[in-house]
Every structure is written in C-alpha cells, then in structure tokens.
Amino acid sequence: MCLAVPMEIIAIADNVADVEIGGVKRQVRLDIIDEAPAIGDYVIVHAGFALRRLDRADALETIKLFQEGLNLELL
C-alpha cells in the first residue's frame, strides 16, 4: 500500500521544494504538480514528488485523520 502525505512547503528553489510535517523535512520535485505552489501551501507528496496543491483546511483535516487513525503526532 502506498500513502500520499500532505506536507507544508517551507522553501522553494528551482523546481524543488523543501516540505515539512511533524518535524520531518524532505525535498520534493515540482515537475508534475497540477499548479505552481508557494511557500506555506500544502501539497500531496508521494515518492519524492508533489502531486497537487491542497486547500489548507483540507490538508489539516487529512493530517488530523492520519493522527487519529495511526496514533501519530504530526502537528
């Protein structure tokens, strides 16, 4: 099973974004995202790529569901 995780963009350089969730930081490619994101936006991340932008409220709700279902602390 694969999971796509909502992560917040904290920096963008060239076509790579630094993203973060729960203290975990990663770099992801922006080559296939549906619309250009900005710092502070949430994106769905899978396999090192940002797939699409998410509305902030939707991203936070998804993160909340992950926390409840998997007993994680992400925020």
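Now for a quick tour of the structure. These numbers come from a predicted model, not from an experiment. (Residues numbered from 1 in each chain as written. Predicted model: local features only at pLDDT ≥ 70, side-chain atom pairs only at ≥ 80, totals over all residues. Heavy atoms only, no water.)

What about the pattern of salt bridges?
Item 1. Inspection of the entire model under this criterion finds three salt bridges.
Item 2. The partner of Asp41 in a salt bridge is Arg53, with the nearest N and O atoms 3.1 Å apart. With Asp41 in the loop between β3 (24–29) and β4 (42–46) and Arg53 in strand β5 (residues 49–54), the pair connects residues that are twelve residues apart, well separated along the chain.
Item 3. For Asp41, a relative accessible area of 18% gives the class buried.
Item 4. Here Arg53 falls in the partly exposed class, since its relative accessible area comes to 26%. (Salt bridge = Lys/Arg side-chain N within 4 Å of Asp/Glu carboxyl O. Helix = DSSP H or I, 4+ residues; strand = E, 2+ residues; numbered from the N terminus. Buried < 20%, exposed > 50% of the residue type's maximum accessible area, 1.4 Å probe, protein only.)

What to know about the nonpolar core
Item 1. Ranked by internal contacts, the top residues of the largest apolar core, which has 16 residues, are Ala17, Val19, Val28, Val43, Val45 and Ala50.
Item 2. Secondary-structure elements contributing two or more residues to this core are β1 (5–13), β2 (16–21), β4, β5 and α1 (56–70).
Item 3. At four residues, β4 tops the list of elements feeding residues into this core.
Item 4. Not counting the four nearest positions on each side in its chain, Ala17 is found in contact with Ile9, Ala11, Ile12, Arg26, Gln27, Val28 and Leu30. (Core = buried A, V, L, I, M, F, W, Y, C linked by side-chain atoms within 4.5 Å. Contact = heavy atoms within 4.5 Å.)

Focus: the pairing of β2
Item 1. On β2, burial follows the alternation: Ala17, Val19 and Ile21 on one face are buried, whereas Val16, Asp18 and Glu20 on the facing-out side are not.
Item 2. Alignment of β1 against β2, held across five bridges, turns out to be antiparallel. Within the sheet, the bridge partner assigned to Glu8 lies in β2 and is Glu20.
Item 3. Counted along the chain from β1 to the antiparallel partner β2, the turn is two residues long, and its residue Asp14 has a positive phi close to 55°.
Item 4. With six bridges joining them, β2 and β3 adopt antiparallel strand pairing. If you follow Val19 over to β3, its bridge partner there is Arg26. (Pairing = 2+ DSSP bridges.)

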